[in-house]
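Residues per chain are reported as follows:
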Amino acid sequence: MRNTTQLQWGVTIAAAQTEGAHDQGGKGASIWDTFTTNPRVIKDRSNAQVATDFYHRYQEDIDLAVTIGLKIFRFSVAWSRILPTGTGAVNPEGIAFYNRVIDYCLSVGITPWITTYHWDLPQALQDIGGWRNRAVVTHYQTYITILRTHFADRVKNWILVNEAIVCIGAGYFLGIHAPGKRGITNFSASIHHLLLAQAKGFKILKAVEGLTVGTAISCTKIDAYRDNSRDQKAVKRMDALMNRLCIEPYLGMGYPSEIPTITRHIQKFVKEGDLEEMQIDFDFWGIQTYAREVVKSAWYVPYLGVMTVPPRKRNVAVSVMGWETYPQGTRYFAERFAAYDPDKPLWLSECGMALAEDEDDQLRVNYYQQVLAEAEKILEKGIKLQGILLWTLVDNFEWAEGYIPKFGIISLNQKTLERKMKKTAYWLKNYLAATNN
Ligand code: NOJ
């Protein structure tokens, strides 16, 4: 039986949250560059024009990851750095930048993983409707083919889309993330097109022998507020939307029937052959779980008939994100994925906790210790958990929350951009050295 000392440890970062250099190196604007030109959409009125300046400081960050003992460096590629106008000419400086990152990783003995899409669509593609427009599926295929051509010789592990439901839910339904669109039609078209694009992208990458290609799924444990059947049914609906919609079409199960109002809208954008095309066999599932939501039935809420009951109203402690931190979710979801297919490898492709500036980092250490305890139980059950990628290395731009939540195991001085290892980084370094993994 495997145990936690055999887990592989790494870290995940994302271009739009770290790179900065928003208009350097030939990069075109992304939807996040545009979205943040209105400072009111970000809690601390910030933007990611500089972020952690990973674009210039990638060596320092990769060195830090190596010093801690991490073995995997998962980063995302900014589409608009590769294709500044979304289509057409490839930007050689963009290719050169990611080549530098990949080659540096390899030279210092850490394995690079690529995420192809972590929410930063080129603005030029948003100008033609973004994910709402089916043409973007074709543009994504072109983009993936370019990434394959340039990087697949050295990068063997790929994650196509990061958290499709959050990307489209927040960006095209609630309007709180870029591109700030709202409504059921924007949501339905965009989610289908993104999921379809992912299936097509998968086939493009799998045409190269030896690549391991997966996806990263946002997972939120949903519980009922009251012990009655109406709230239980509300749980089923919310769960279908949050935790199944972006998985089951790939398994040949179609869009979940428990949310008929939403799936009816989605169906309007499903063309003949799409669902067959979407049946792909990912090499692994990436689980990303942070919080738990408690919900109640609410007939007046359109489409879903569900309301969340915020943790504050339940007298539950919340993190600076306003989330009920829930490390138990790791095991809960590992078991659910194993129920789909017990042989499929699983990763915690993101895993972390946000603290406020003045909170003791010991809380994060405790959190990771709880995750480790969960991982141990997951492995005891024979579930194929491969490893844990931390979210994240250096405190960064947390989307609409700006720089307020600190998810890093390394702090960032926003003026000097100086990095400093936190308690969690030292704890992990000792743990990894002691366990030799
Ligand atoms: C999920 C996302 O992939 C990442 O971009 C985000 O910063 C973290 N979760 C924390 O919210």
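Structure first, text after, so check above.
Because the structure is a prediction, the values reported are computed rather than measured.

K.L.:
Requested: an account of helix α14 (residues 362-380), with residues and values cited.
P.N.:
End to end, α14 covers 27 Å across 19 residues, agreeing with the expected 27 Å (1.5 Å per residue, within 8%). Looking only at α14, the buried set comprises R364, V365, Y367, Y368, V371, L372, E374, A375, I378 and L379. Directly after α14, the chain includes G382, whose backbone phi takes a positive value near 80 degrees.

K.L.:
Could you give me a rundown of the site of the ligand, with the residues and numbers involved?
P.N.:
Among the 13 residues in the neighbourhood of the ligand, the closest are listed as Q17, H118, N162, E350 and E398. In this structure, N162 approaches the ligand through a side-chain N or O atom, which is 2.7 Å from an oxygen atom. Contact distances for the ligand include 2.6 Å between an oxygen atom and a side-chain N or O atom of E398. Computed on the free molecule, the ligand has an accessible area of 300 Å², of which 96% lies beneath the protein chains in the complex. Looking at side-chain class alone, the shell around the ligand contains 6 nonpolar, 4 polar and 3 charged residues.

K.L.:
Describe the nonpolar core, listing the residues and the values that go with them.
P.N.:
L70, F73 and W131 are the most contacted members of the largest nonpolar core, which totals 135 residues. Take this core: its biggest share by element is 11 residues, from helix α9 (residues 184-206). Setting aside residues up to four positions removed in sequence, L70 forms contacts with W9, G10, V11, A65, I110, L390, L393, L428 and L432.

K.L.:
Could you give me a rundown of the pairing of strand β9 (residues 346-350), with the residues and numbers involved?
P.N.:
Where burial is concerned, most of β9 is hidden: 5 out of the 5 residues are buried. Judged from the 4 bridges that link them, strand β6 (residues 284-297) and β9 form a sheet pairing that is parallel. Of the residues in β9, the one forming a bridge with G286 is W347. Inspection of the sheet shows β9 paired to strand β10 (residues 385-390) by 3 bridges, in the parallel sense. Across the sheet, the residue bridging to L346 is L385, located in β10. Handedness of the β9-α14-β10 crossover: right-handed.

Cut-offs and rules
- Residues numbered from 1 in each chain as written.
- Predicted model: local features only at pLDDT ≥ 70, side-chain atom pairs only at ≥ 80, totals over all residues.
- Heavy atoms only, no water.
- Helix = DSSP H or I, 4+ residues; strand = E, 2+ residues; numbered from the N terminus.
- Expected span 1.5 Å × (residues − 1).
- Buried < 20%, exposed > 50% of the residue type's maximum accessible area, 1.4 Å probe, protein only.
- Near = heavy atom within 4 Å.
- Polar contact = N/O pair within 3.5 Å; in protein donor to acceptor, adjacent residues only side chain to side chain.
- Areas by Shrake-Rupley, 256 points an atom, 1.4 Å probe, with all protein chains shown as cover.
- Nonpolar A, V, L, I, M, F, W, Y, C, P; charged D, E, K, R; others polar.
- Core = buried A, V, L, I, M, F, W, Y, C linked by side-chain atoms within 4.5 Å.
- Contact = heavy atoms within 4.5 Å.
- Pairing = 2+ DSSP bridges.
- Right-handed = clockwise from strand over helix to strand, strands pointing away.

Any link to function would need more than the numbers given here.
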